[in-house]
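# Examination of the molecular architecture
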Amino acid sequence: MASAVWLAFILSALGAPSGHQLYRPGRIWRLKNIGKRSGYLYRRYQRLKVQIPGAEKDHMSGLSEAVAKERRPACTADKSTPSQLPSTSFRRTRGRSGVFTFTPAQPETIDDSPELSEPSISGEQILLNDKGSGPKLSVLDHEKLIQSFQDNDVKLVHLPKIWGSLINSPDVDFNTIDYIPKKAKELLTTSFQGCTSRILQVETSQDNSTVKLVIELQDKQLIESVIIAHDNYNALCVSSQVGCRMGCRFCATGTMGLIRNLTTGEILEQLLLANKIRPIRNVVFMGMGEPLDNFDAVLGAIKGIHDTRMFNLGIGHITVSTVGIVPAMYRLADEVPKVALAVSLHAPDQDLRERLVPSGKVNRMDDILSAMDYYLDRSPHHSFIQYTVIDGVNDSEDHARSLARALRSRRVKVNLIPCNPTMKLGFNTPSRNAMEIMKNTLLEEGFLCFIRDSTESGRDVSGACGQLALSTIEKKER
């Protein structure tokens, strides 16, 4: 009892509230500058709480039941069901000044509002079922991983360690990662997988400038990614869908139709796997699929590519190409305006574009250019105009001048892409002379214009622009 009296004397000297007032919700008191004895006094205080009259009368505080009831937070639960509130505990923290603070834990309120179920995603994306069996989510699917950690009270501070270990070794065993809690390891093992896809085939062009990766997903679907070597860096062309529903007449992927969307993790895994072959500096969303037709997953992938805890690439080193989905273009400008935007026009006017790009009937050329203007108002970058030049279709000087009139006064760079011949599609590569005439015409009209010879690289492995998927799918069927 003498120690209790001594403790009460010291607490009163420090200005701490006495008796049951110590338990008032929200009240914070401090032990200031008492050196090594602070921990001892706190432990003594915890042992002697039961000796303070009224300390155990109510689970919220030492107040009388009437006062406690008055202070109890309101909740929306049914009055016939007693509220399950936690017992009082104190949390000990230490600030920068070295002062220890003891804060009563706040009671939880009860929310009986109806739970909102996540919208169904049909068969386009792989989902983890309730029991954790079946296909697993990729650890690179960062939004799902963060949500899972939060739901299971695992600190997010462990994420950089997990992602760093995976990026260094795609086959990492989570149980071998040091300094992460056991609960995190169990969660990662049961619900997630380090890398859900694998490289099925690697094909390198004769000039060693292009490497095509055939990647098998965990549901056995195939996608293709292409590493393109430039003078002092490598760029990775990633896919965003298995197949594509835009149906561009000159593109091999368009012949497949849309099979399903890729998840954020599956898009990022392409970068993970490609980095093991060649170091990647730039990422372009110009592979299989229409990126803005799978907007949420692509947005998540952009954030993961740029995140300093993950791949840490500059936001200006990411380019999103679109055939022109107008609402998504506006959203992209609002969400990530610093990402480079490439608009695939392929024609100088609406009539010709509808014949080459069937989706142009819905997303008209004028509307696409207006959405591009909205992006340019918010972005520090030029916008890129992708123009596939097809022999005898859109390769004349008149076509170039019509394109210049359509793009007048806009801050754009025009990329002329020679059509790469693809079996069954029937389009041919234009002559070099026709390409040069178009380029010079656009330069005369005041536009930056380039002939993208790099898009022809990889023809010998069917890895050039517009050639992805068809040969691989045919080989798989045989």
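Just so it is clear, the structure is predicted and the values come from calculations on it, not from any experiment.

The rules behind the values
- Residues numbered from 1 in each chain as written.
- Predicted model: local features only at pLDDT ≥ 70, side-chain atom pairs only at ≥ 80, totals over all residues.
- Heavy atoms only, no water.
- Helix = DSSP H or I, 4+ residues; strand = E, 2+ residues; numbered from the N terminus.
- Contact = heavy atoms within 4.5 Å.
- Areas by Shrake-Rupley, 256 points an atom, 1.4 Å probe, with all protein chains shown as cover.
- Pairing = 2+ DSSP bridges.
- Axes fitted to C-alpha atoms, helices over the stretch in contact; angles between N-to-C directions.
- Buried < 20%, exposed > 50% of the residue type's maximum accessible area, 1.4 Å probe, protein only.
- Arc of directions from axis to C-beta.
- pLDDT = per-residue confidence, 0-100.
- Phe/Tyr/Trp six-rings, centres within 6.5 Å; stacked < 30°, edge-to-face > 60°.
- Lys NZ or Arg CZ within 6 Å of the ring centre and 35° of its normal.
- Core = buried A, V, L, I, M, F, W, Y, C linked by side-chain atoms within 4.5 Å.
- Salt bridge = Lys/Arg side-chain N within 4 Å of Asp/Glu carboxyl O.
- Disulfide = S-S within 2.5 Å.
- Parallel < 35°, antiparallel > 145°, perpendicular 65-115°, else oblique.
- Left-handed = near helix turned anticlockwise from the far one by under 90°.
- Nonpolar A, V, L, I, M, F, W, Y, C, P; charged D, E, K, R; others polar.
- Right-handed = clockwise from strand over helix to strand, strands pointing away.

### Overview of the overall build of the protein
Broken down by element type, the protein carries 14 helices and 17 strands. A separation of at least 24 residues holds for 65% of the contacts in the protein among residues at least 6 apart in sequence. When the accessible surface of the protein is split by element, carbon and sulfur atoms take 49% of a total near 24100 Å².

### Considerations on the sheet that holds strand β14 (residues 340-344)
On the basis of which strands lie adjacent, the open sheet formed by 10 strands has the order β6-β7-β8-β9-β12-β13-β14-β15-β16-β17 and mixed pairing. The sheet is open, and its two edges are formed by β6 (198-204) and β17 (448-451), each paired on a single side. Between one strand and the next, the sheet's axes are offset by a mean angle of 20°, whatever the strand orientation.

### Comments concerning the side chain of S148
Along the chain, S148 falls in helix α4 (residues 142-151). By relative accessible area, S148 is classed as buried at 14%. In this structure S148 touches L187 and F192, once residues within four positions along its chain are discounted.

### Considering helix α6 (residues 182-191)
Residues separated by three or four positions in an α-helix point in the same direction, a consequence of the helix having 3.6 residues per turn. Among the residues making up α6, those that are buried are A184, K185, L187, L188 and S191. End-on, the buried residues of α6 take up no more than an arc of 165°, which puts them together on one face. Where α6 is buried, its residues meet β4 (137-138), α4, α5 (159-168) and β5 (192-193).

### Overview of the confidence of the model for the protein
The share of residues in the protein with pLDDT of 70 or more is 66%, and the mean pLDDT across the chain is 77. Contacts from residues 49-133, a stretch scored under 50 in pLDDT, to residues over four places away or in other chains number 130 contacts.

### Description of the packing of aromatic side chains
For the structure shown, the criterion picks out one aromatic pair. One residue, R281, lies across the ring of Y233, its end atom 3.9 Å from the ring centre. When the ring centre of Y374 is taken as reference, the NZ or CZ atom of R378 above it lies at 3.4 Å.

### Here's the deal with the nonpolar core
V139, F149, L188, F285, I302, L407 and L416 are the most contacted members of the largest nonpolar core, which has 101 residues in total. Excluding residues within four positions of it along the chain, F149 makes contact with V154, K155, L156, L159, I162, A184, L187 and L188.

### Looking at unusual backbone geometry
When glycine is set aside, most residues are seen to have a negative phi, and most peptide bonds are trans. Residues other than glycine seldom take positive phi values, yet N208 does so here, at roughly 65°. Among the secondary structure elements, N208 is positioned in the loop between β6 and β7 (210-216).

### Points about α5
The set of residues buried in α5 consists of L159, I162, W163, S165, L166 and I167. Turning to α5, the residues buried within the fold contact α4, α6 and α7 (264-274).

### What about the pattern of salt bridges?
In total, this model carries 17 salt bridges according to the counting rule given. Between E216 and R198 there is a salt bridge whose closest N-O contact spans 2.9 Å. Here the residue E216 occupies a position in strand β7, and R198 occupies one in strand β6, the gap between them amounting to 18 residues. Since its relative accessible area comes to 45%, R198 is described here as partly exposed. For the salt bridge of R309 with D307, the shortest nitrogen-to-oxygen distance reads 3.0 Å. A cluster of three or more residues bridged by salt bridges with shared partners is formed by E397, R401, R408, E444 and E445.

### Here we look at the state of the cysteines
With the rule as written, the count across this model stands at zero disulfides. Lacking any disulfide linkage, C244 is separated from the closest cysteine sulfur, that of C248, by 6.4 Å.

### Considering the packing of α7 against helix α8 (residues 295-306)
Relative to each other, α7 and α8 sit at 45°, their axes nearing to 8 Å. With respect to their mutual orientation, α7 and α8 come out oblique. Classified by chirality, the crossing of α8 by α7 is right-handed. When α7 is examined against α8, the residues T264, I267, L268 and L271 are found in contact with a partner set consisting of D296, A297, V298, G300, A301, G304 and I305. The class makeup of the residues in the contact of α7 with α8 is seven nonpolar, three polar and one charged.

### Considerations on the environment of S370
Its place among the elements puts S370 in helix α11 (residues 365-378). Overall, the relative accessible area of 35% leaves S370 in the partly exposed class. On a C-alpha basis, the gap between S370 and M329 in space is 9.9 Å, while along the polypeptide they are 41 residues apart.

### Remarks on the packing of helix α9 (residues 326-335) against α11
Relative to each other, α9 and α11 sit at 0°, their axes nearing to 9 Å. Judged on the interaxial angle alone, α11 and α9 are roughly parallel. Facing V326, M329, Y330, A333 and D334 of α9, the residues of α11 in contact are D367, I368, S370, A371, M372, Y374, Y375 and R378. A per-class count over the contact of α9 with α11 returns nine nonpolar, one polar and three charged.

### Some remarks on the environment of G243
Here G243 is to be found in strand β10 (residues 241-244). Owing to a relative accessible area of 0%, G243 belongs among the buried residues under this scheme. Separated by 17 residues in sequence, G243 and R260 have C-alpha atoms that sit 7.2 Å apart. Not counting residues within four places of it along the chain, the set of residues in contact with G243 comprises T253, M256, G257, L258, M288 and G289.

### Some thoughts on the pairing of strand β13 (residues 318-322)
Burial analysis of β13 places five of its five residues in the buried class, the great majority of the element. Side chains of β13 alternate between two faces, with I318, V320 and T322 and T319 and S321 buried alike. With three bridges joining them, strand β12 (residues 282-285) and β13 adopt parallel strand pairing. Residue pairing across strands places F285 opposite V320, the latter belonging to β13. In the classification by handedness, the crossover that spans β12, the intervening α8 and the parallel β13 is right-handed. Judged from the four bridges that link them, β13 and β14 form a sheet pairing that is parallel. Each residue of the ladder has a partner; that of T319, found in β14, is A340. Read as a crossover between parallel neighbours, the route from β13 over α9 to β14 is right-handed.

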